[in-house]
Amino acid sequence: MTSVSVVAPIGDRQPRSKDSPRVADRQLPLVEKGEPVDVDPALVRRQRSMLGAIQLCLQVAGIADKEAHLALGIDAGHWSRILSGAAHFPLDRLGPLMDMAGNDAPLQWLAHSRGYELRPLETTLEREVRELREELAEEKRKARWMADIMAGRPA
């Protein structure tokens, strides 16, 4: 099972009035990014709802329900209602959920349900090549700067 830890405190859980939300209630907790996990697109397409895709997202990552709701800052009662279908998953927590689980099953499900194909803007390999090129360019810049200093030219 993957362990998930909350990086930032969620805040105390004291009752509040509807007129004065606490600042802590408006901020999302920070969650650690999970290891990337590939999800079979056929498995995602078999889900009947977004809730099924969310549950699949967590299941593939090996994240227990209790870990998920705590890390995402969702009240246990509300989480229980979400899982039973009596409440909706908060959309502002969808990105952190996928980051934490290391997969995009809910996003894949949504794209497919709307008749779209989902693909990354750049592949992992393309991203790695771009990052390496950026690192190489920075190293070349540093080498030129050092060469100028060693030659007595102004930097």
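Everything that follows concerns the structure shown earlier in this document.
Please read all numbers here as calculations on a predicted model, not as lab measurements.

Could you give an account of the packing of helix α3 (residues 65–72) against helix α4 (residues 76–84), with specific residues and numbers?
Between α3 and α4, the least distance of the axes is 10 Å, while the angle of their chain directions is 125°. Here α3 lies oblique to α4, going by the angle between them. Note that α3 runs across α4; the crossing there is right-handed. In this structure, α3 contributes D65, A68 and H69 to the contact, and α4 contributes A76, W79 and L83.

I'd love a proper account of the environment of I82, names of residues and values included.
The topology assignment puts I82 in helix α4. Given a relative accessible area of 2%, I82 falls into the buried group. With 31 residues separating them in the primary sequence, I82 and L51 have C-alpha atoms 7.9 Å apart. If near-sequence neighbours (up to four positions away) are discounted, I82 is found in contact with L51, I74, A87, H88, F89 and P90.

Requested: an account of a nonpolar patch on the surface, with residues and values cited.
The grouping of W145, M146, I149 and M150 at the surface amounts to a nonpolar patch, some 440 Å² of accessible area in total. For W145, the location among the structural elements is in helix α7 (residues 124–150). Overall, the relative accessible area of 42% leaves W145 in the partly exposed class.

Lay out the nonpolar core with the relevant residues and their values.
Judged by nonpolar contacts, the single largest core of 24 residues is most densely connected at L58, I63, W79, F89, L97 and M100. Contributions of two or more residues to this core are made by α2 (50–61), α3, α4, α5 (94–101) and α6 (105–113). With 6 residues, α2 is the single largest residue contributor to this core. In contact with L58, not counting residues within four places along its chain, are I63, D65, A68, W79, L97 and M100.

Conventions used here
- Residues numbered from 1 in each chain as written.
- Predicted model: local features only at pLDDT ≥ 70, side-chain atom pairs only at ≥ 80, totals over all residues.
- Heavy atoms only, no water.
- Axes fitted to C-alpha atoms, helices over the stretch in contact; angles between N-to-C directions.
- Helix = DSSP H or I, 4+ residues; strand = E, 2+ residues; numbered from the N terminus.
- Parallel < 35°, antiparallel > 145°, perpendicular 65-115°, else oblique.
- Left-handed = near helix turned anticlockwise from the far one by under 90°.
- Contact = heavy atoms within 4.5 Å.
- Buried < 20%, exposed > 50% of the residue type's maximum accessible area, 1.4 Å probe, protein only.
- Patch = residues over 30% accessible without salt bridge, like charges linked within 9 Å, V, L, I, M, F, W, Y side chains within 5 Å.
- Areas by Shrake-Rupley, 256 points an atom, 1.4 Å probe, with all protein chains shown as cover.
- Salt bridge = Lys/Arg side-chain N within 4 Å of Asp/Glu carboxyl O.
- Core = buried A, V, L, I, M, F, W, Y, C linked by side-chain atoms within 4.5 Å.

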